Amino acid sequence: MKLVLIEDEDILRKSLAFFLKSNDYQVHEFDNGLEGMHFINENHNDINLIITDLNLPFTSGKQIVFEVKKKYDIPVIVLTASSVEQTEMEILELGADDFIVKPFSPSVLLQRMKRIIKKV
C-alpha cells in the first residue's frame, strides 16, 4: 500500500512515517502542501491513501482535500489540532474520508486507515 503523508510538524511526520512503514506501508512524506500536491498529481494512479494535516505551508490541507476529491478517487484522512466542529464539518463536506484530532493514537489511525482502504 502506497500512501502520502503531508505534515509540517517534523517529529510527528517522522514518527508516524516510521510507524506506518513498520506496518508495511510505503510512505511518501512531505512537510508542505505544495510539494505533496505536486507528488499526488504526478503519481495519483499509484496512491492508495492520503493523510494530510489541515494547516500546512504553501497549500492547505483543505485545498488538498478539495483538489484530490475533484480530480481523483483517493481516500483522504485529515489530521488537525483544531477540535472545532465547524472545521470538521467543512472538511467532511469537501469530501474527506475521515477527520482525526491531534493528539491521536497511531494504532487508532491505523484501524481507521484499514477501514477506509477496505471501502475503496
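Since the model is a prediction, treat every value here as computed from it, not as a measurement. (Residues numbered from 1 in each chain as written. Predicted model: local features only at pLDDT ≥ 70, side-chain atom pairs only at ≥ 80, totals over all residues. Heavy atoms only, no water.)

1. Details of the environment of Lys 70
Next up, step 1: Note that Lys 70 resides in helix H3 (residues 61-71).
Next up, step 2: The class for Lys 70 is exposed, based on a relative accessible area of 53%.
Next up, step 3: Considered as a pair, Lys 70 and Leu 94 are 24 residues apart in the sequence and their alpha carbons are 9.2 Å apart. (Helix = DSSP H or I, 4+ residues; strand = E, 2+ residues; numbered from the N terminus. Buried < 20%, exposed > 50% of the residue type's maximum accessible area, 1.4 Å probe, protein only.)

2. Side note on helix H2 (residues 33-43)
Next up, step 1: For H2, every residue scored as buried is listed here: Gly 33, Gly 36, Met 37, Phe 39 and Ile 40. The buried residues of H2 occupy an angular sector of 160° when projected down its axis, which confines them to one face. For H2, exposure combined with an orientation more than 90 degrees from the buried face picks out His 38 and Glu 42.
Next up, step 2: Residues of H2 that are buried make contact with strand S1 (2-6), strand S2 (26-30), strand S3 (49-53) and H3.
Next up, step 3: Structurally, the start of H2 carries an N-cap: the backbone nitrogen of Leu 34 is 3.1 Å from a side-chain oxygen of Asn 32. (Arc of directions from axis to C-beta. Contact = heavy atoms within 4.5 Å. Polar contact = N/O pair within 3.5 Å; in protein donor to acceptor, adjacent residues only side chain to side chain.)

3. A closer look at H3
Next up, step 1: Every buried residue of H3 is listed here: Gly 61, Ile 64, Val 65, Glu 67 and Val 68.
Next up, step 2: For H3, the elements touching its buried residues are S1, H2, S3, strand S4 (76-80) and helix H4 (85-94).

4. Side note on the nonpolar core
Buried together is how nonpolar side chains tend to be arranged in soluble globular proteins.
Next up, step 1: Ranked by size, the top nonpolar core spans 20 residues in total, and within it Val 4, Ile 40, Ile 50, Val 68 and Val 78 carry the most contacts.
Next up, step 2: Mapped by element, the contributors of at least two residues to this core are S1, H2, H3 and S4.
Next up, step 3: In contact with Val 4, other than residues within four places in its own chain, are His 28, Phe 30, Phe 39, Ile 40, Ile 47, Leu 49, Ile 50 and Ile 51.
Next up, step 4: Membership of the second largest hydrophobic core comes to 19 residues, among which are Leu 12, Ala 17, Leu 20 and Leu 109. (Core = buried A, V, L, I, M, F, W, Y, C linked by side-chain atoms within 4.5 Å.)

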